[in-house]
Amino acid sequence: MDNLQDILKQQIIDALNLEEIETADIDNDAPLFGEGLGLDSIDALELIVLLERNYGIKIKDPAVGKEIFKSVNVLADYVSKNRTK
Amino acid sequence: MAANKVYIKSIAHISAQLPLSDEWLSSPVVLRGDFVPACEPLYKDYISPMAARRMTPILKRALVTARAALGDKAVDAIITGTGLGSAACSEKLINAMIEEGESFSMPTQFMQSTHNTIGSLVAINSKCHAYNATYSQDGISAECALLDAFVQMKLAKIKNALVGVHDELPHGWLEVMKRGKITGNPSQVPASETSISMLLDTNCDGAKCEIAGIELAFNTSFDKMLSSLKGRLGMPQIDAVMTGKNGWEGHDKQYDELIDSLPGVPELHYKHISGESCAASSFGIYASALCLERGIAPASLQCGTNAGNTPVKSILLASASRQNKTLILLKSCD
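Residues numbered from 1 in each chain as written. Chains lettered and ligands numbered in written order. Predicted model: local features only at pLDDT ≥ 70, side-chain atom pairs only at ≥ 80, totals over all residues. Heavy atoms only, no water.

**Examining the side chain of Lys208 of chain B**
As a reminder of what qualifies: Strands are runs of DSSP state E lasting at least two residues, helices are runs of H or I lasting at least four, and both sets are numbered from the N terminus onward. Whether two residues touch is decided by their heavy atoms; if any such pair falls within 4.5 Å, the residues are in contact.
By secondary structure assignment, the location of Lys208 of chain B is in the loop between strand 7 (194–201) and strand 8 (209–218). Apart from residues no more than four positions distant in its own chain, Lys208 of chain B is found in contact with Ile8, Lys9, Ser10, Ile11, Ala289, Leu290, Leu292, Glu293 and Cys333 of chain B.

This is the structure we're talking about:
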C-alpha cells in the first residue's frame, strides 16, 4: 500500500504539474481538494483521466469521484480494489 | 472636432533577446541556426507556481509582458493578435490523442487549446472585463489587433487598450513550417518566438510615439498602399523605413518597390534581432517606437544601410506576409 501511495503521489505531481511539491510534502490523510493541496475542479478532471489511463478505472458517478479524492490513502485504497491494469 | 490621436505609452517583450529589457539596442543576442526559442524570464518572480502550473510558455509570456506594459492601469480593451494561438497546447493535445488512440482526453490542454485563451487569461488577471477580441491572421495578426484598437480610439469609443501580440513555435509546427518553406530558406533569419504587449492611449503624456496611420491590404502593391496612406495623411514626412526583410531573397524582394519609391530614405531592419514568426512584425513596432523615443536609429537596426546618426522623427513600418501587406506610420510625439 505504501508503495502505491507514493506512486500515486508522484503521478498526481506529474499530471497536475505541481513543480514546487515533492511526494514527501503530501500528507497521506490530508484532503487533496480545498485545503491540503488546494486542487480545483480542473484538477479533478485530470485525476479522473489519470485513473483511467494508468489503472483502467472509469469514474462515471460524480459522488464516487468526490469520495475517492478525499485523500491519498482513500484514493490508494480505491485503486487497489478496483484497478483493471 | 479633430479625431483623437493614438499613442504607444509602454511596451514589454519576451523574445529571442534578453526579456523585458531594451539591452538588445546596444548588445543584441546574435541568432544562429534554424530556430531560436524565446529567452524566458524567471517566471517565479512574476507568477505563483500554483497559478503557473497550467500555463504553457505563451500564456506565461503574455501574462508577464501584459503586466509589465500595463502596470496597475485599467484599460478599456484587451486586443490580442496571434498567428498560431496556443500552438504548444494544441500540439500536445493532438499528439496525446494520436498516441492514446483517441481514447483519452487531456482536460487542461483541451480547454486551453484555442486562440482566445491568451486574451482571456490576460483579462482575468488584469480584471479587465470590457472589450476583448483576438485576431488570428497569420503574419499580420499584430497589425489587425493594432488596427482594431486604433480605429476604436480614433472614434473615441475607447480611451486606451492593451494590445498583445504573441506566438510560440513548438517542435511540430517548426517542422511543418520548414516543409512549407516558410522558414529555413537560404540566408533566412532563424525562426523564433515573440511576445509583445503594448499599452495604447489617447493621452500623450510619457508616450514613446504616435501611431499616425495603418494600412492593411490583400494582394496589393506597397506602392498603392503608400499612395493611399499619403493621401489620407497629407504627404507625411518619412525619415526611415523599417522593413520586415528576413534575409531570404524570395521574401525580401517584395519590399523592393517600396524602397525604390522612397529614394534617399534610410532603411532599417529588425528580424535579424527578433527572428521570424507570425508575431515578428510586433517586434518591428517595438523597435520603431524605441527609435522614435530616442530620436535616433541604433546601429543594431541599420545593418549596413545609410541611416547613420540622422535624427528620426517618423518611421514607416512595412511588413509582408504571403499576399498580405501592411504599412504603419509611427511619429515621434509632438
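**Looking at the interface of chain A and chain B**
It is common to give the size of an interface as the accessible area lost on bringing the parts into contact. For the record, the criterion: As used here, buried area is the combined drop in accessible area, with a 1.4 Å probe, of two parts when they are placed together. Think of a salt bridge as a Lys or Arg side-chain nitrogen and an Asp or Glu carboxyl oxygen that are within 4 Å of each other. Distance and chemistry together define a polar contact, namely a pair of N or O atoms within 3.5 Å, with one atom able to donate a hydrogen and the other to accept it when in protein, and with adjacent residues in sequence counting only for side-chain atoms on both sides.
Between chain A and chain B, the residue contacts involve 15 residues of the former and 13 residues of the latter. Both sides of the chain A and chain B interface together cover about 1200 Å² of buried area, and 54% of this is carbon and sulfur. Here Arg53 of chain B ties to Asp43 of chain A by a salt bridge, and the two come within 2.7 Å at their closest N and O atoms. One can count eight residue pairs in polar contact (both at pLDDT 80 or more) joining chain A with chain B.

**Section: the domain arrangement of chain B**
Residues and elements named next belong to chain B. Which entries qualify depends on this criterion: Each domain's extent was defined by an automatic or database domain assignment.
When its domains are assigned, chain B resolves into domain 1 (6–201) and domain 2 (212–331). Between the C-alpha centres of domain 1 and domain 2 there is a distance of 22 Å. At the junction of the two partners, domain 1 supplies 39 residues and domain 2 supplies 36 residues. For the pair domain 1 and domain 2, the summed buried area comes to about 3300 Å², and 68% of that belongs to carbon and sulfur atoms. Looking only at domain 1, the three residues that lose the most surface to domain 2 are Trp24, Leu25 and Glu143, adding up to 19% of its buried area.

**Some remarks on a nonpolar patch on the surface**
Where we set the bar: Nonpolar side chains (Val, Leu, Ile, Met, Phe, Trp, Tyr) are joined into patches within 5 Å and like charges within 9 Å, using only residues with over 30% relative accessible area and no salt bridge. For every accessible area listed, the method is Shrake-Rupley and the probe measures 1.4 Å; residues are considered covered only by the protein chains on display.
There is a patch of nonpolar side chains on the surface, built from Leu45 of chain A together with Phe110 and Met111 of chain B and spanning about 310 Å² of accessible area. Mapped onto the fold, Met111 of chain B is located in helix 4 (residues 107–112).

**Considerations on the side chain of Lys325 of chain B**
Residues and elements named next belong to chain B. This is how the line gets drawn: A simple rule labels every residue: compare its accessible area, found with a 1.4 Å probe on the protein chains alone, to the largest value its type can have, and call it buried under 20%, exposed over 50%, or partly exposed in between. For the charge count, each Lys or Arg is scored as positive and each Asp or Glu as negative, with His and the chain ends excluded.
Among the structural elements, Lys325 can be located in strand 12 (residues 324–331). Within the buried set, Lys325 has no salt-bridge partner at all; the shortest N-O distance to an opposite charge, 5.3 Å, is to Glu257. Looking at Lys325, its side chain comes within polar contact range of the main-chain oxygen of Thr220, at 3.3 Å. Residues within four places of Lys325 in sequence aside, it is in contact with Glu215, Leu216, Ala217, Thr220, Ser221, Phe222, Met225, Gln254, Ser319 and Ala320.

**Here we look at helix 4 (residues 72–82) of chain A**
Keep this limit in mind: For this quantity, the arc is that covered by the directions from the helix axis to the C-beta atoms.
Listing the buried residues of helix 4 of chain A in full gives Val72, Leu75, Ala76 and Val79 of chain A. Mapping the buried residues of helix 4 of chain A onto a view down its axis gives an arc of 100°, with all of them on the same face.

**Here we look at unusual backbone geometry**
Excluding glycine, most residues fall at negative phi; most peptide bonds, likewise, are trans. Residues and elements named next belong to chain B. At Leu20, a residue that is not glycine, the phi angle is positive and equals roughly 55°. Tracing the sequence through the fold places Leu20 in the loop between strand 1 (6–14) and strand 2 (35–36). Of note in this structure, Arg322 is not a glycine but carries a positive phi near 50°. Here Arg322 lies in the loop between strand 11 (314–321) and strand 12. Its relative accessible area of 57% is what places Arg322 among the exposed residues.

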